[in-house]
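An overview of the molecular structure
The residues making up each chain are set out below.
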Amino acid sequence: MFALPLTSHAELRPLESWMAEEFLDHMDRAREHISPWVSPTFAAADLAEARALLRRYADLRARDAGGIWGIWLEGTLVGGVLFVSFDAALGVCEAGCWLEPGAEGRGLVTRAVERIVDWAVLERGIQRVEWRTNAENTPSINVAKRLGMTLDGTLRQVYPSGDRRIDIEVWSVLAGEWRSHRTQAAADTAETIDS
Ligand SMILES: CC(C)(COP(=O)(O)OP(=O)(O)OC[C@H]1O[C@@H](n2cnc3c(N)ncnc32)[C@H](O)[C@@H]1OP(=O)(O)O)[C@@H](O)C(=O)NCCC(=O)NCCS
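Residues numbered from 1 in each chain as written. Predicted model: local features only at pLDDT ≥ 70, side-chain atom pairs only at ≥ 80, totals over all residues. Heavy atoms only, no water.

With that settled, consider the packing of aromatic side chains. The full count for this structure, using the stated rule, is 7 aromatic pairs. When the ring of Phe-42 is compared with that of Trp-98, the centres are 4.8 Å apart and the planes differ by 65°; the resulting orientation is edge-to-face. Highlighted residues: Phe-42 in the loop between α1 (20–34) and α2 (47–62) and Trp-98 in strand β5 (residues 92–99), separated in sequence by 56 residues. Taking relative accessible area as the criterion, Trp-98 reaches 3% and is therefore assigned buried. Members of the aromatic cluster, joined through ring pairs, are Trp-69, Phe-83, Phe-86 and Trp-119. (Phe/Tyr/Trp six-rings, centres within 6.5 Å; stacked < 30°, edge-to-face > 60°. Helix = DSSP H or I, 4+ residues; strand = E, 2+ residues; numbered from the N terminus. Buried < 20%, exposed > 50% of the residue type's maximum accessible area, 1.4 Å probe, protein only.)

For the rest of this paragraph, the subject is the environment of Ala-175. Looking at the element boundaries, Ala-175 is found in helix α5 (residues 175–194). Each C-alpha atom of the pair Ala-175 and Gly-91 lies 9.6 Å from the other, and the pair is 84 residues apart in sequence. Residue contacts for Ala-175: discarding those within four places in its chain leaves Val-121, Ile-126 and Gln-127. (Contact = heavy atoms within 4.5 Å.)

This paragraph deals with the site of the ligand. In the region of the ligand, 21 residues are neighbours, and Leu-99, Glu-104, Gly-105, Thr-110 and Asn-137 sit closest. Taking 930 Å² as the accessible area of the ligand by itself, protein coverage stands at 72%. Looking at the shell around the ligand, its residues break down into 9 nonpolar, 7 polar and 5 charged. (Near = heavy atom within 4 Å. Areas by Shrake-Rupley, 256 points an atom, 1.4 Å probe, with all protein chains shown as cover. Nonpolar A, V, L, I, M, F, W, Y, C, P; charged D, E, K, R; others polar.)

Everything listed is a geometric property; what it means functionally is a separate question.
Here you go:
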């Protein structure tokens, strides 16, 4: 219904509970690729799990405590972005993302996260946007870097994984840094158009 263009072929839209079947079809294409990097409940394995996940995010959205948005590429749901948590009173939120493999390498997630962080910082007054990622997840770390985030630190051995434990990197961008990052990005775009 409501859509924000990301490119001439891709758009960002609310991902709602009634889209569970479409979400599951997308997960069937994405599950193997994303499973090592996302929480086990996210990579829904059947329709009941897909419904439960989307309902959980609908509930978070209703409580202004999180949310989920899908990325459609030429009409097909290929990934999305989310606020895992969102606390307007505290001024802190955590963003996240995923893509099915065929949609990687086009800047879709970077653009989509920019949209939701713009909303969080410029419209909702969020002061700190966090990005938590497995320390071995180079593509996710690269997204954080493209967004102008800073590595706050590494939480060591947070989760079990087989016979070892996973380190989590915490990246963040503060409201003032985000405004500077966006101003610089707009100036770079204007320069490219002029040249
Ligand atoms: C993390 C993940 C979403 C990153 O996907 P991605 O395609 O690399 O990220 P983007 O959509 O922002 O695209 C960036 C890529 O497109 C390229 N690109 C092309 N046009 C671009 C543009 N206009 N702007 C930015 N990047 C652009 C970039 O160079 C980059 O490619 P590179 O890494 O080969 O240099 C994806 O790897 C994934 O889903 N992984 C599994 C799930 C996961 O890890 N989720 C995060 C948990 S914290």
